[in-house]
Number of protein chains: 2
Amino acid sequence: MKTAKIESLLQKSNVRPTAMRILVYNFLLENEAAKSLTDLENYFDKSDRTTLYRTIKTFEDKGVVHQIDDGTGTTKYALCEQGCNCQIETDLHLHFYCNICDETVCLTDRKIPNINLPDGYTAEDANLVIKGRCEKCPE
Amino acid sequence: MKTAKIESLLQKSNVRPTAMRILVYNFLLENEAAKSLTDLENYFDKSDRTTLYRTIKTFEDKGVVHQIDDGTGTTKYALCEQGCNCQIETDLHLHFYCNICDETVCLTDRKIPNINLPDGYTAEDANLVIKGRCEKCPE
DNA sequence: ATAAATCGTGCAACAGAAGTGCATTATTCA
DNA sequence: TGAATAATGCACTTCTGTTGCACGATTTAT
């Protein structure tokens, strides 16, 4: 994607498009799998950890990326779909973690099914992670 | 529950019932909510962190407790039901995290629904956490 | 019953991820 | 241009999880 395009996308989300932010956005865009802060740190080894940390925090606050807790212990991030509203419960898609290649992907078209909770319980949010073998890791 | 009863339960799981282990088991038994290592550490402030860590690891290896990743970033543990086999996919129940009281409970009778994955994906494990308001935290 | 082997416990130290404070640099706006 | 605001980089801290090693307790074999 062209830099100018990313710039305007960031601006639309009220994120000032600095050089670093455009690079990070592009990195997330080019990778199907969700990336952790450490992944970013390793890739952008010239940049500071804190900058990357705050970049991703800003993205998250402004709805550019969403957090993924895939059970590995390290939080990962993936770009939100255009028009996605990750806060809305009905938009909650599930995530798939591959035990073989250690990558996590969004299955944006698979929503978390409705769960019938016991009396007195109210659902506000949900997180579903399926672990197994992904399409890229044949047996 | 009587100490003798806990002793025999531990022995049945091939865990030698030391004083510490019986205390930890009892603590988990008396608390409906799942507990973290830090919770144990705070409660048993005379005991060492490592001992508690290894106690819970032993329990986990022997199928006495199961791990819960509730998305808070800290792993919690809860006693397995009698006869529960947490490894078996069909036995996977869901967990509920209360945003108000910050406690996590097993909803053992609610199983994770079957998910239809895209072609090429194989499920081996799953984790579903619902977040919201629990029965003890009325509005 | 005693010695050898094994297991449990406690201390110290480490690793990785996440987060904060502060100074410096860059950018925007009046 | 200059003041205000935002972004970046460095150092440091905290929290959770984990390992190595030594000592003490318990079990097992003789």
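Here's a quick rundown of the structure. (Residues numbered from 1 in each chain as written. Chains lettered and ligands numbered in written order. Predicted model: local features only at pLDDT ≥ 70, side-chain atom pairs only at ≥ 80, totals over all residues. Heavy atoms only, no water.)

A few points about the overall build of chain A
Of regular secondary structure, chain A possesses 4 helices and 6 strands. In chain A, the order of α-helices and β-strands from amino to carboxyl end is α-α-β-α-α-β-β-β-β-β. Split into buried and exposed, the 139 residues of chain A put 42% on the buried side. Intrachain contacts of chain A at a sequence separation of at least 6 include 51% that bridge at least 24 residues. Within the structure as shown, chain A displays about 7,900 Å² of accessible surface, and the carbon and sulfur contribution to it stands at 43%. Counting 17 positive and 22 negative side-chain charges, chain A places the averaged centre of each group 7 Å from the other. (Helix = DSSP H or I, 4+ residues; strand = E, 2+ residues; numbered from the N terminus. Buried < 20%, exposed > 50% of the residue type's maximum accessible area, 1.4 Å probe, protein only. Contact = heavy atoms within 4.5 Å. Areas by Shrake-Rupley, 256 points an atom, 1.4 Å probe, with all protein chains shown as cover. Lys, Arg positive; Asp, Glu negative; His and termini not counted. Charge placed at Lys NZ, Arg CZ, Asp CG, Glu CD.)

Quick look at the sheet that holds strand E6 (residues 122–133) of chain B
On the basis of which strands lie adjacent, the open sheet formed by 6 strands has the order E5(A)-E4(A)-E6(A)-E6(B)-E4(B)-E5(B) and mixed pairing. Each end of this open sheet is capped by a strand with a single partner; those strands are strand E5 (104–111) of chain A together with strand E5 (104–111) of chain B. Shown here is a sheet whose adjacent strand axes are inclined to one another by a mean of 30°, direction ignored. Note: strand E4 (residues 93–98) of chain B against E6 of chain B, 4 bridges, orientation parallel. In the strand pairing of E6 of chain B, Cys98 of chain B is matched with Gly132 of chain B. (Pairing = 2+ DSSP bridges. Axes fitted to C-alpha atoms, helices over the stretch in contact; angles between N-to-C directions.)

Section: the interface of chain A and chain B
The interface is formed by 31 residues belonging to chain A together with 31 residues belonging to chain B. Both sides together, the interface formed by chain A and chain B hides about 2,700 Å², and carbon and sulfur atoms give 59% of it. The largest share of the area that chain A buries against chain B comes from Arg110, Ile115 and Tyr121 of chain A, three residues that together contribute 21% of it. Between the two partners, chain A and chain B, sit 0 salt bridges. In this assembly, chain A and chain B are joined by 12 residue pairs in polar contact (both at pLDDT 80 or more). Where the side of chain A that touches chain B is concerned, the elements lending two or more residues are strand E4 (93–98), E5 and strand E6 (122–133) of chain A. With 12 residues, E6 of chain A is the single largest residue contributor to the side of chain A that touches chain B. Of the residues assigned to the side of chain A that touches chain B, the class counts are 16 nonpolar, 7 polar and 8 charged. Relative to E6 of chain B, E6 of chain A runs antiparallel, the two sharing 11 bridges. (Buried area = accessible area lost by both parts, 1.4 Å probe. Salt bridge = Lys/Arg side-chain N within 4 Å of Asp/Glu carboxyl O. Polar contact = N/O pair within 3.5 Å; in protein donor to acceptor, adjacent residues only side chain to side chain. Nonpolar A, V, L, I, M, F, W, Y, C, P; charged D, E, K, R; others polar.)

Remarks on the protein's contact with DNA strand C
Within the structure, DNA strand C sits among 19 residues, and Arg54 of chain A together with Arg16, Arg21, Thr51 and Arg54 of chain B are positioned closest to it. Between Arg49 of chain A and DNA strand C, the recorded distance is 3.3 Å, taken from a side-chain N or O atom to a base nitrogen. Contacts to DNA strand C include Arg21 of chain B, whose side-chain N or O atom sits 2.5 Å from a phosphate oxygen. Taken together, the elements giving at least two residues each to the surface near DNA strand C come down to helix H3 (37–43) and helix H4 (49–61) of chain A together with helix H2 (19–30) and helix H4 (49–61) of chain B. (Near = heavy atom within 4 Å.)

Describing the nonpolar core
If you look at the biggest cluster of nonpolar residues, it comprises 30 residues, and the most contacted ones within it are Phe96 of chain A together with Phe96 of chain B. Elements with a contribution of two residues or more to this core: E4, E5 and E6 of chain A together with E4, E5 and E6 of chain B. If sequence neighbours within four positions are ignored, Phe96 of chain B has contacts with Leu117, Tyr121 and Thr122 of chain A together with Glu103, Thr104, Val105, Leu107, Ile130, Lys131, Gly132, Arg133 and Cys134 of chain B. (Core = buried A, V, L, I, M, F, W, Y, C linked by side-chain atoms within 4.5 Å.)

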